[in-house]
Protein chains: 2
Amino acid sequence: MTGDIHSIPVMRAGIDTYRQPVVYMREDCHLCRAEGFSVLTQVEITHGQRSIVAALNVVTDADWLPPDTAGLSEAAWTALKADDGEFVTFSHPEPPASASAIRSKVYGQRLDAAGCQAIISDTVAHRLSDLDLAAFITACAGDRLDIAETIALTRAMHGAGKTLDWGAGLVLDKHCVGGLPGNRTTPIVVAILAAAGFRIPKTSSRAITSPAGTADTMEVLAPVALDIAAMRRVVESEGGCVVWGGGLDLSPADDLLIRIERPLDFDSDGQLVASVLSKKAAAGSTHVLIDMPVGPTAKVRTEAAARTLSERLHAVGKAIGLSLRIHVSDGLAPVGRGIGPALEAHDLLAVLRRAPNAPMDLRERALDLAGALLDLAEANGGQGRETARNLLDSGAAEAKFLSICEAQGGFREPGSAPYHSIETADVGGAIREIDNRRIAKIAKLAGAPGRKHAGVRLHARPGDVIDAGQPLYEIHAETQGELVWAQDYARSGVSPFVVGEAP
Amino acid sequence: MTGDIHSIPVMRAGIDTYRQPVVYMREDCHLCRAEGFSVLTQVEITHGQRSIVAALNVVTDADWLPPDTAGLSEAAWTALKADDGEFVTFSHPEPPASASAIRSKVYGQRLDAAGCQAIISDTVAHRLSDLDLAAFITACAGDRLDIAETIALTRAMHGAGKTLDWGAGLVLDKHCVGGLPGNRTTPIVVAILAAAGFRIPKTSSRAITSPAGTADTMEVLAPVALDIAAMRRVVESEGGCVVWGGGLDLSPADDLLIRIERPLDFDSDGQLVASVLSKKAAAGSTHVLIDMPVGPTAKVRTEAAARTLSERLHAVGKAIGLSLRIHVSDGLAPVGRGIGPALEAHDLLAVLRRAPNAPMDLRERALDLAGALLDLAEANGGQGRETARNLLDSGAAEAKFLSICEAQGGFREPGSAPYHSIETADVGGAIREIDNRRIAKIAKLAGAPGRKHAGVRLHARPGDVIDAGQPLYEIHAETQGELVWAQDYARSGVSPFVVGEAP
């Protein structure tokens, strides 16, 4: 083939398509005409040793893209690592090796280890399109992955990224399946376990669809975007950490699949288990506690679903060599008072500081989890919860948490938002429940998690009896406009607080 | 809600994402921050009575998009019909009504009529994302749609667009399942049936992945982009037409589904039947002949597959009131000599003109099909093929074809490409087969279908015995660069001609 026909210079288009490599070319580009590229074609782009597959979008009428130049979306730009104006080569990609594995699964056959391997390595190499990934996820929805397939998928996902090596000894971890708003137990559990002398190098995620992820909340209190070397230094000196896992390349396939899973929102026990346990294995964990809240608006909705999921977690955990314990908890309502990064940070600090107004439900949940993890690690007769309470009540957990924050780059006291409004009850009565989705949406409209101090602070909980006009919750915002906007939404429909007759 | 917070002006971004509505916003856009929009969010955009759902791409570092302005992809721009600079309103879309129908199907439940209706109307309203559509298509792959579901889907697709009304009397149609390269029988069949006094208002498609569609080939000979009124005038005066169906809004859901089906490339008898028959019903057809080539590289690969598909076509045809006949034909090789719009136009004109060098296989196929369609329409005892041959041999079909071309806007003699190269045999022997995909790719690299005169002309066919150095095929191109490029590809790997020992 003639080299110069296939090469044109690239530029950064400055368009974020969220992890999807897209290449922008003008319709009069000689390469499009010559190659027969047209819109939506998957195009292979090669630069030195690197090669990616991108979707083509055709620029029909715009000045920003010069003739015979290819614009790259952020994901394509990052993956290809070319310089502005450098010539790269374009071709038609061979169909990805995993296409036939996906096709078989779609037609109802079982996936074997080689098939899982092919799908995951093509995912990580950006050789599968969004549509291919959606087809794969759809074919695995519900209970369409059996235990053996789940094990194979977990191993493939673990194998596709880095693994942290902590040497000999126990490495503890915890994970919550389907968070309730405000359920920010992780920093407390890490502090207690590290204070007990265990190693617990916790990696957490940022919010994708919720008003805060653990990494967002922790970032209010200390830096979290540590690299592996920095994380290791913290763990070596303090025993534990709470850092953002997104930059560490642990199970990168998981991040790419989540991008497609979230909008589709199908339940798949197999994919859930592979996602969670591949990340834990990649983090080098040996002992993992799974918090599984069960409730009608939680991720796991019934006791029966909790049992099925637990069996699968145990089977896969055993196959990949993890000691696993599952803690089923009440998932009927949000936890604590704050919803939003800083508001949740205040709650967990109050628990660690044993403040008189600390939310008791958050404290009790954290102690349950820390106790269960201690029992798992020590394999003793259930003294864990008492040990955990002693470490919290003595101030040892607080001191450890502050040391971890300092080691991560410095503790900072959480601030608060300048704009507040108090939302009150229209009618009196007993609070039956709080609509988790609606209250989370109000927190997000107020600016969470992007605005650290924005969110919602609850003044009442299910079971409380209130009078008309009594405060139910506050909206916190960093700008007047966002406050008004969250208020408008909050007041435009039914209240998130469901109130019944007082008993 | 406060109107001005939710409105910003729009501009045309000039980016073709192929039917996917995309909105481009800057990351510092007040609306993104206020609404909590981030990349990949589905955003509802409202302008007067119109409302679309678009995917958000975030412009991080580019000058072409002014602050607090939304750029719209071509599909979004066309659907919304706003003017440059006009203010439109942005909001979070409600989940589409059909999401639960798709979810049920994914989990293995059957689709009912209401579910099909919801999915198709949300598809047409652009309320389903590409990922949702991919999930729907995946859930229907293989034989996962039963007959009742196929009927419901066909009716929903038919109901979602316009229907042509031709008044009382027969309206004939034909369709080929999975075209072979060069299998351009349609204009000949239309000419014969119209010459026989029947009404055959044929709508055809352009190529999506092949070197030519019927509309591309016909456009070499006459205008094909007629609106419904112009098409009706042609049919009223001539009995038949061959026009491009893409602009007529017949079964628009089909076009939107095909956009996702093509790259996924799963076989689904149910979706195939719903696609074909919804279009026929929308075109107002009463009697439909289906050409079904069977062969290892055709769409239908085995006799058994042909039987299953035929049963389904008959059942659905009956349910929606179509008289249907299926003609199974040999699908082992390309048809005729030319591959590419003008080259195929030369072939079919030669058949209509009874030229001595007319490709006999194309002639015989067209007569088989015209005969079968006459038999279906007249419900008599199989005289159709003889009638068809008489109409072709007498010149009546040629005269009718020219009249149709004139009525569509004027007949034009096909031209030919200025650049040719002759590709010869490396070794002598008997030609066993021709790799359809490889020969089609060479035609596309030479410029077909975008360059009307480009493509491939075969000099030999399976069964021919050739000597080394003897011409196998010619590449035709409109530019020297494209000729060289197609040649480079043609000569870089194995020949598309599989040659064995002479018998």
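If you look chain A up in an unreviewed UniProt entry, it shows as Putative thymidine phosphorylase from Sphingopyxis granuli. In UniProt, chain A has this text filed under Sequence similarities (unreviewed entry): "Belongs to the thymidine/pyrimidine-nucleoside phosphorylase family. Type 2 subfamily." The annotation that UniProt attaches to chain A under Catalytic activity (unreviewed entry) is "thymidine + phosphate = 2-deoxy-alpha-D-ribose 1-phosphate + thymine".

Remarks on the nonpolar core
Here is a general trend for soluble globular proteins: nonpolar side chains tend to be buried in one another's company. Of all hydrophobic cores here, the largest spans 56 residues; its most connected members are A:Phe136, A:Leu153, A:Leu264, B:Phe136, B:Leu153 and B:Leu264. Beyond its immediate chain neighbours, meaning those up to four positions away, B:Leu264 contacts A:Arg103, A:Leu131, A:Asp132, A:Ala135, B:Ala134, B:Ile137 and B:Thr138. Of all hydrophobic cores here, the second largest spans 46 residues; its members include B:Ile192, B:Leu289, B:Leu348 and B:Ile404.

Observations regarding the packing of aromatic side chains
Aromatic ring pairs are reported here in terms of the distance separating the ring centres and the angle at which the planes meet. Tallying each qualifying case throughout the model produces 7 aromatic pairs over all chains. Taking the centre distance of 6.4 Å and the plane angle of 70 degrees together, the rings of A:Phe266 and B:Tyr107 count as edge-to-face. Pair noted here: A:Phe266 is in the loop between helix H11 (252–264) and helix H12 (269–282) and B:Tyr107 is in the loop between helix H4 (99–106) and helix H5 (113–124), and the two residues belong to different chains. A:Phe266 gets classed as buried once you look at its relative accessible area, which sits at 13%. For the pair B:Tyr24 and B:Trp64, a centre-to-centre distance of 5.9 Å together with 70 degrees between the ring planes defines the contact as edge-to-face.

Re the sheet that holds strand E8 (residues 172–176) of chain A
Residues and elements named next belong to chain A. With parallel pairing, the 3 strands of this open sheet are ordered in space as E8-E11-E12. Strand pairing shows two members of the sheet lacking a second neighbour, E8 and strand E12 (323–330), which therefore form its edges. Strand-to-strand twist across the sheet, computed as the mean angle between neighbouring axes with direction ignored, equals 20 degrees. Contacting E8, strand E11 (287–294) and E12, H12 crosses the sheet at an angle of about 160 degrees to E8.

Side note on the interface of chain A and chain B
Taken residue by residue, the interface counts 55 residues in chain A and 55 residues in chain B. It is A:Tyr107, A:Leu131 and A:Trp485 in chain A that bury the most area against chain B; as a group they hold 15% of the surface buried on that side. Across the contact surface, chain A and chain B share 0 salt bridges. Here chain A is connected to chain B by 10 residue pairs in polar contact (both at pLDDT 80 or more). With 7 residues, the top contributor of residues to the side of chain A that touches chain B is helix H6 (residues 130–139) of chain A. Of the residues belonging to the side of chain A that touches chain B, the class tally is 28 nonpolar, 11 polar and 16 charged. As paired strands, strand E5 (residues 50–59) of chain A and strand E2 (residues 15–16) of chain B are joined by 2 bridges and run antiparallel to one another.

A few points about the relation of the copies chain A and chain B
Mapping chain A onto chain B leaves a residual RMSD of 0.1 Å; the transformation is a rotation of 180 degrees accompanied by 0.0 Å of translation along its axis. The operation mapping one copy onto its partner corresponds to a two-fold rotation axis. Of the residues that chain A buries at the interface, 100% are likewise interface residues in chain B, meaning the two copies contact each other through the same surface.

Overview of the packing of helix H14 (residues 341–352) of chain B against helix H17 (residues 396–407) of chain B
A pair of packed helices can be characterised by two numbers: the angle between their axes and the separation between those axes. Residue and element names in this part refer to chain B. Contact geometry for H14 and H17: axes closest at 8 Å, N-to-C directions at 135 degrees. Considering their axes alone, H14 and H17 lie oblique with respect to each other. Between H14, through Leu-348, Leu-349 and Leu-352, and H17, the contact on the second element is made entirely by Ala-397, Glu-398 and Phe-401. Partitioned by chemical class, the residues of the contact of H14 with H17 number 5 nonpolar, no polar and 1 charged.

Some remarks on the UniProt feature "domain: Pyrimidine nucleoside phosphorylase C-terminal" (unreviewed entry) in chain A
As recorded in UniProt, the feature "domain: Pyrimidine nucleoside phosphorylase C-terminal" (unreviewed entry) lies at residues 430–495 of chain A. Within the segment residues 430–495 of chain A, helix and strand shares are 35% and 27% respectively, and the terminal C-alpha atoms sit 14 Å apart.

Here we look at the pattern of salt bridges
The final tally for this structure, using the stated rule, is 51 salt bridges over all chains. As a salt-bridge pair, A:Asp216 and A:Arg206 come within 3.6 Å of each other at their nearest N and O atoms. One end of the pair, A:Asp216, is in helix H9 (residues 214–221); the other, A:Arg206, is in the loop between strand E9 (200–204) and H9, and 10 residues separate them in sequence. For A:Arg206, a relative accessible area of 26% translates into the label partly exposed. Among the ionic pairs, B:Glu74 bridges to B:Arg12, the shortest N-O distance being 2.6 Å. With B:Glu74 in helix H3 (residues 74–80) and B:Arg12 in strand E1 (residues 7–12), this pair connects stretches of sequence that are 62 residues apart. Look at B:Glu74 and you get buried, because its relative accessible area is 13%. The exposure class of B:Arg12 is partly exposed, given its relative accessible area of 35%. Through salt bridges with shared partners, a single ionic network connects A:Arg363, A:Glu364, A:Asp368, A:Arg385 and A:Asp393.

Concerning the environment of B:Asp16
Structurally, B:Asp16 is set in strand E2. The spatial distance from the C-alpha of B:Asp16 to the C-alpha of B:Ala76 is 9.6 Å, given a sequence separation of 60 residues.

Considering the environment of A:Ala440
Residues and elements named next belong to chain A. Here Ala-440 lies in helix H18 (residues 436–445). Judged by its relative accessible area of 12%, Ala-440 falls in the buried class. Separated by 339 residues in sequence, Ala-440 and Ala-101 place their C-alpha atoms 39 Å apart.

Description of unusual backbone geometry
Residue and element names in this part refer to chain A. Note that the residue after Ala-448, namely Pro-449, is joined by a cis bond; omega there is 0 degrees. Structurally, Pro-449 can be placed in the loop between H18 and strand E16 (455–458). Of note in this structure, Lys-81 is not a glycine but carries a positive phi near 55 degrees. Among the secondary structure elements, Lys-81 is positioned in the loop between helix H3 (74–80) and strand E7 (87–91). The phi torsion at Ser-251 lies on the positive side, around 50 degrees, for a residue other than glycine. Taking relative accessible area as the criterion, Ser-251 reaches 0% and is therefore assigned buried.

Brief notes about the state of the cysteines
In total, this model carries 0 disulfides over all chains according to the counting rule given. The thiol of A:Cys241 is unpaired, and the distance to the nearest cysteine sulfur, on A:Cys405, comes to 11 Å.

With respect to the environment of A:Leu458
Residue and element names in this part refer to chain A. Structurally, the position occupied by Leu-458 is in strand E16. Its relative accessible area of 3% is what places Leu-458 among the buried residues. A C-alpha to C-alpha distance of 43 Å links Leu-458 and Ser-129, two positions 329 residues apart in sequence.

What about the sheet that holds strand E15 (residues 429–434) of chain A?
Residues and elements named next belong to chain A. As summarised here, the arrangement of the 3 strands in space is E17-E15-E19, forming an open sheet in which the pairing is antiparallel. Strands with a single pairing partner mark the edges of an open sheet, and in this sheet they are strand E17 (465–466) and strand E19 (497–500). In this structure, E15 lies alongside E17, joined through 2 bridges in antiparallel fashion. Bridging from a neighbouring strand, Ala-430 pairs with Val-465 of E17.

What to know about the pairing of E9(A)
All names here are of chain A. In terms of burial, E9 is a largely internal element, 5 of the 5 residues being buried. The alternating pattern of E9 places Ile-200, Lys-202 and Ser-204 and Pro-201 and Thr-203 on opposite faces, both of which are buried. In terms of strand pairing, E9 meets strand E10 (residues 240–244) through 5 bridges, oriented parallel. Paired with Thr-203 across the strands is Val-243, a residue of E10.

Considering helix H7 (residues 147–159) of chain B
All names here are of chain B. Compared with an ideal rise of 1.5 Å per residue, which puts 13 residues at 18 Å, H7 spans 18 Å between its outermost C-alpha atoms and is within 8% of the ideal. Within the span of H7, buried status applies to Glu-149, Thr-150, Ile-151, Ala-152, Leu-153, Thr-154, Ala-156 and Met-157. Along its buried surface, H7 packs onto H4, H5, helix H6 (130–139), helix H11 (252–264), helix H12 (269–282) and helix H13 (303–319). Capping the start of H7 is the job of one residue whose side-chain oxygen sits 3.1 Å from the backbone nitrogen of Ala-148: Asp-146.

Structural notes on helix H16 (residues 384–393) of chain A
Residues and elements named next belong to chain A. Among all positions of H16, only Gly-384, Ala-388, Leu-391 and Leu-392 are buried. Angular distribution of buried residues about the axis of H16 spans 100 degrees; they occupy a single face of the element. Where H16 is buried, its residues meet helix H8 (186–195), helix H14 (341–352), helix H15 (360–378) and helix H17 (396–408). Where H16 ends, the next residue or the one after it, Gly-395, has phi of about 90 degrees, a positive value.

Cut-offs used in this document
- Residues numbered from 1 in each chain as written.
- Chains lettered and ligands numbered in written order.
- Predicted model: local features only at pLDDT ≥ 70, side-chain atom pairs only at ≥ 80, totals over all residues.
- Heavy atoms only, no water.
- UniProt positions renumbered as here; feature names shortened; annotations may be inferred.
- Core = buried A, V, L, I, M, F, W, Y, C linked by side-chain atoms within 4.5 Å.
- Buried < 20%, exposed > 50% of the residue type's maximum accessible area, 1.4 Å probe, protein only.
- Contact = heavy atoms within 4.5 Å.
- Phe/Tyr/Trp six-rings, centres within 6.5 Å; stacked < 30°, edge-to-face > 60°.
- Helix = DSSP H or I, 4+ residues; strand = E, 2+ residues; numbered from the N terminus.
- Pairing = 2+ DSSP bridges.
- Axes fitted to C-alpha atoms, helices over the stretch in contact; angles between N-to-C directions.
- Buried area = accessible area lost by both parts, 1.4 Å probe.
- Salt bridge = Lys/Arg side-chain N within 4 Å of Asp/Glu carboxyl O.
- Polar contact = N/O pair within 3.5 Å; in protein donor to acceptor, adjacent residues only side chain to side chain.
- Nonpolar A, V, L, I, M, F, W, Y, C, P; charged D, E, K, R; others polar.
- Least-squares fit on C-alpha atoms with pLDDT ≥ 70 in both.
- Parallel < 35°, antiparallel > 145°, perpendicular 65-115°, else oblique.
- Disulfide = S-S within 2.5 Å.
- Expected span 1.5 Å × (residues − 1).
- Arc of directions from axis to C-beta.

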